[in-house]
Amino acid sequence: MIRTDPETPDVYLTPVEDVFVRNHLGPHPRLDTDTWSLSVEGLVERPLRLDFRALEGLSQTRFTAVHECFGNPLHPTVPTRAVTNVEWTGVPLAEVLELAGPRPEARHVWLEGADRGDFAGESGLSFLKDLPLAEARAEVVLAHGMNGEPLRPDHGYPVRAVAPRMFGTNSVKWLTRIVLAAERPEHVFTTRLYTRVLPGESVVRPVREKDVCSKLLAPKDGGTVPAGVRELAGYAWSSGEVTAVEVAVDDGDWLPAELERRGPHPSWQRFRLRHHLAPGPHRIRCRAVDAAGRVQPLTGDRNAVHEIRVTALVNG
Ligand SMILES: Nc1nc2c(c(=O)[nH]1)N[C@H]1C(S)=C(S)[C@@H](COP(=O)(O)O)O[C@H]1N2
Ligand SMILES: [Mo]
């Protein structure tokens, strides 16, 4: 289902050309639908290799989800706010797992891409991620389409994994190998980098579920607006539903914004607040709360409160 907001039809779904590209290992590998194949191996009853036609023959799903980069894994607390909302088409991983038949000892699903290169002082790496079997089975989709067109080369053509509730780093592009295993893989992108200690905790966890976060998109950061009553609007998202967004102008109170419900897909949710902006410079901030009760911190972490600056002009 595609939902568009009548006031911002161009923004609800991010156009493909505006979706960020994050390649850790250099240029994209050259793959195509005629030569691509996916092997499913390890702790399975029936190891298999699927080609693109076989994948197309399985049941297809279509959904909209927030696609967000965690940020630079060497600087895990720095906000980057690289976020988009896109529609994916593909085959639930569960369908493929069903064909292969995971053995009872299988606990983890390893997902490996075809790209090879060097990163963080290690050479000849592949891009490898892993998820617990139950989570991978419940949420991962083997996607071949973005916003109704085939994946473009930089976004993982012909097939990538998408883990809709998780940070983009888990959505392995150019997916060519799935391994079922009893253990997590020791690897730069699984256990060395892309790990974090959440606020108030001391355990080191892999970077998986998205944080609660929000971003102001209107007015434009650094721009000018006519003074008067203006709509302050943006999007909020989390691994679950966002339940409230508040906006603060200058040193004023946090005011509840109007927030759209999330609907059946893990998409972002629009928020808006009409507010009077007196002539002069303003600082506008937004912060979201999610269904798990998580709140964006004011400072200090990658999902810290977003702040923009605008100037209201009398004759703007
Ligand atoms: N094979 C492979 N998959 C990958 C990556 C990569 O470098 N190689 N980068 C990851 C990261 S960190 C992110 S944020 C997303 C980016 O997806 P995009 O480039 O399609 O926006 O892909 C993820 N999957
Ligand atoms: Mo990323």
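J.: What's the story with the nonpolar core in this structure? I'm lost.
T.: Counting residues in hydrophobic clusters, the biggest one holds 42 residues, and the most contacted among them are Leu55, Leu142, Ile178 and Leu180. With 4 residues, the single largest contributor to this core is helix H3 (residues 93-100). Excluding its chain neighbours within four sequence positions, the residues that come into contact with Leu180 are Val40, Glu41, Gly42, Leu43, Val44, Leu97, Pro102, Ala106, His108, Val109 and Leu133. With 19 residues, the next largest nonpolar core counts Phe271, Cys286, Ala288 and Ala312 among its residues.

J.: Just to check I follow, could you spell out unusual backbone geometry for this structure?
T.: Of all residues except glycine, most have a negative phi; of all peptide bonds, most are trans. Cis geometry marks the peptide bond from Tyr157 to Pro158; its omega dihedral reads 5 degrees. Structurally, Pro158 can be placed in the loop between strand S8 (149-150) and strand S9 (160-162). A cis amide bond, omega 0 degrees, links Ala218 with the succeeding residue Pro219. The residue Pro219 is located in the loop between strand S13 (213-218) and strand S14 (224-226) in this model. With a phi angle near 55 degrees, Arg81 is a residue other than glycine that sits in the positive phi range.

J.: What is the right way to read the site of ligand 1 from this model?
T.: Around ligand 1 there are 20 residues in total, and Phe20, Asp115, His155, Arg160 and Lys173 lie nearest to it. In the model, an oxygen atom of ligand 1 is placed 2.5 Å from a nitrogen or oxygen of the Lys173 side chain. For ligand 1, whose accessible area on its own is 520 Å², the fraction buried by protein is 100%. Its residues assigned to classes, the shell around ligand 1 shows 8 nonpolar, 7 polar and 5 charged.

J.: What am I meant to see in the packing of aromatic side chains here?
T.: Between two aromatic rings, the relevant description is the distance of the centres plus the angle of the planes. Tallied over the entire structure, the rule returns 7 aromatic pairs. Seen from their ring centres, Phe119 and Phe189 are 5.3 Å apart, and the 40 degrees between their planes marks the pair as tilted. With Phe119 in strand S5 (residues 108-119) and Phe189 in helix H5 (residues 188-192), this pair connects stretches of sequence that are 70 residues apart. Phe189 matches Phe119 in its accessibility class, with the two residues each being buried. Ring pairing ties together the aromatic residues Tyr12, Tyr235 and Trp268, which thus form one cluster. For the cation-ring pair, Arg287 lies above Trp254, with the distance from its terminal atom to the ring centre recorded as 4.2 Å.

About the thresholds
Residues numbered from 1 in each chain as written. Chains lettered and ligands numbered in written order. Predicted model: local features only at pLDDT ≥ 70, side-chain atom pairs only at ≥ 80, totals over all residues. Heavy atoms only, no water. Core = buried A, V, L, I, M, F, W, Y, C linked by side-chain atoms within 4.5 Å. Buried < 20%, exposed > 50% of the residue type's maximum accessible area, 1.4 Å probe, protein only. Helix = DSSP H or I, 4+ residues; strand = E, 2+ residues; numbered from the N terminus. Contact = heavy atoms within 4.5 Å. Near = heavy atom within 4 Å. Polar contact = N/O pair within 3.5 Å; in protein donor to acceptor, adjacent residues only side chain to side chain. Areas by Shrake-Rupley, 256 points an atom, 1.4 Å probe, with all protein chains shown as cover. Nonpolar A, V, L, I, M, F, W, Y, C, P; charged D, E, K, R; others polar. Phe/Tyr/Trp six-rings, centres within 6.5 Å; stacked < 30°, edge-to-face > 60°. Lys NZ or Arg CZ within 6 Å of the ring centre and 35° of its normal.

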